[in-house]
Amino acid sequence: MEKSYIEKIQIHKTNKLAALYPSTKLLIVVLYMVCTFIVNTVKVTEYALSLWLIPEFLVVLVLCQASGALKRCLKALKAVALIALIILVVQTFLVPGGRLVWNFGILHIYENGLQTAVSLSFLIMNIAGIFVWLFQTTENKEISRALEDSGMNYKAAYVFTSTLQMIEILGRNSKTIMNAQKARGVETEGNLIVRAKAFFPSLVPLILGAVISSEERVLTLEARGFTMQCEKTHLFNLEKSGIEGTVTVISVLITVLLLAGRIALWML
């Protein structure tokens, strides 16, 4: 039997972690960030480096694997890893101060630069990584419905989710325009100058397309009574996985134990 439209738009996830309620996932993100800053205060080696941030990042990978979204998360993490690598190299070689750790010709690594590089780059990897897990396992309409259920005004919830969607839409439209340019014989691949020459002319149709689509979106919302001051109905029902309570208790317990352990280290 063919499913109705309402049945088709529902989201049914078999993975319990991926199906967690968005507010529970957000709590996990916040607690993980707290744990990351706590771990960052633990220094090892004679140069006082925050090396424990490196094994902590494995928690993100394990969480992605357990949620069944490791492949999708790895694609997004590649860009984050590139940014973190650039920061690691720049901070290591360009920040002076402290003892000289290593030098080779004109290249010098100082203690302050090495500390800043390790701390900043792996803070970015951990914090960005947990947000990648959140958005790769949660669809925009799940976030929107959860925000409305939490008491947020439906207009504010729509602005938030439409902003997230706009990034994806602009990226897809940009690829379409670049492919069209390539089909017309425009050189779009090569060094930075060649890519810039092909990219900047594509901004005009990209921006015009965004303006036109926003106007169409406004008309669609008006046709559906978006601005009417009345009780709103929802075709999409947000389900819970059933393990929200257990996951919340475990997350809070880990954070408390980690904080207690750090306080104990300070007191020793």
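Thresholds, definitions, all that
- Residues numbered from 1 in each chain as written.
- Predicted model: local features only at pLDDT ≥ 70, side-chain atom pairs only at ≥ 80, totals over all residues.
- Heavy atoms only, no water.
- Pairing = 2+ DSSP bridges.
- Helix = DSSP H or I, 4+ residues; strand = E, 2+ residues; numbered from the N terminus.
- Phe/Tyr/Trp six-rings, centres within 6.5 Å; stacked < 30°, edge-to-face > 60°.
- Lys NZ or Arg CZ within 6 Å of the ring centre and 35° of its normal.
- Disulfide = S-S within 2.5 Å.
- Buried < 20%, exposed > 50% of the residue type's maximum accessible area, 1.4 Å probe, protein only.

Colleague: Where do I start with the pairing of strand 2 (residues 107-110) in this structure?
Modeller: Remark: a regular strand shows side chains that alternate across the two faces of the sheet. Sheet topology note: the strand 1 (residues 100-104)/strand 2 ladder contains four bridges and is antiparallel. Across the sheet, residue Trp102 finds its bridge partner in strand 2, namely Ile109. Following strand 1, the chain reverses through two residues before pairing antiparallel with strand 2; Gly105 in that reversal takes a positive phi of roughly 65°.

Colleague: Help me out: how do you make sense of the packing of aromatic side chains in this one?
Modeller: Two measures describe an aromatic ring pair: the distance that separates the ring centres and the angle between the ring planes. Using the criterion set out here, one finds one aromatic pair in the structure. Between the aromatic rings of Phe131 and Phe135, the centroid separation amounts to 6.5 Å while the plane-to-plane angle is 20°, which identifies the pairing as stacked. Of the two residues, Phe131 and Phe135 both sit in helix 5 (residues 111-136), four residues apart, roughly one turn of that helix. Over the ring of Tyr21 we find Lys240; its NZ or CZ atom is 5.2 Å from the centre of that ring.

Colleague: What am I meant to see in the state of the cysteines here?
Modeller: Note on terminology: disulfide describes a covalent bond linking the sulfur atoms of two cysteines. Across all of its chains, the model carries zero disulfides by this definition. Cysteine Cys35 remains unbridged, with the sulfur of Cys64 as its closest cysteine sulfur at 16 Å. Not part of a disulfide, Cys73 finds its nearest cysteine sulfur in Cys64, a span of 3.3 Å. The class for Cys73 is buried, based on a relative accessible area of 0%.

Colleague: What is the right way to read the environment of Glu222 from this model?
Modeller: Tracing the backbone through its elements, the reader meets Glu222 in helix 9 (residues 203-223). You can call Glu222 partly exposed: its relative accessible area is 43%. Sequence separation of Glu222 and Lys78 is 144 residues, and the distance between their C-alpha atoms is 40 Å.

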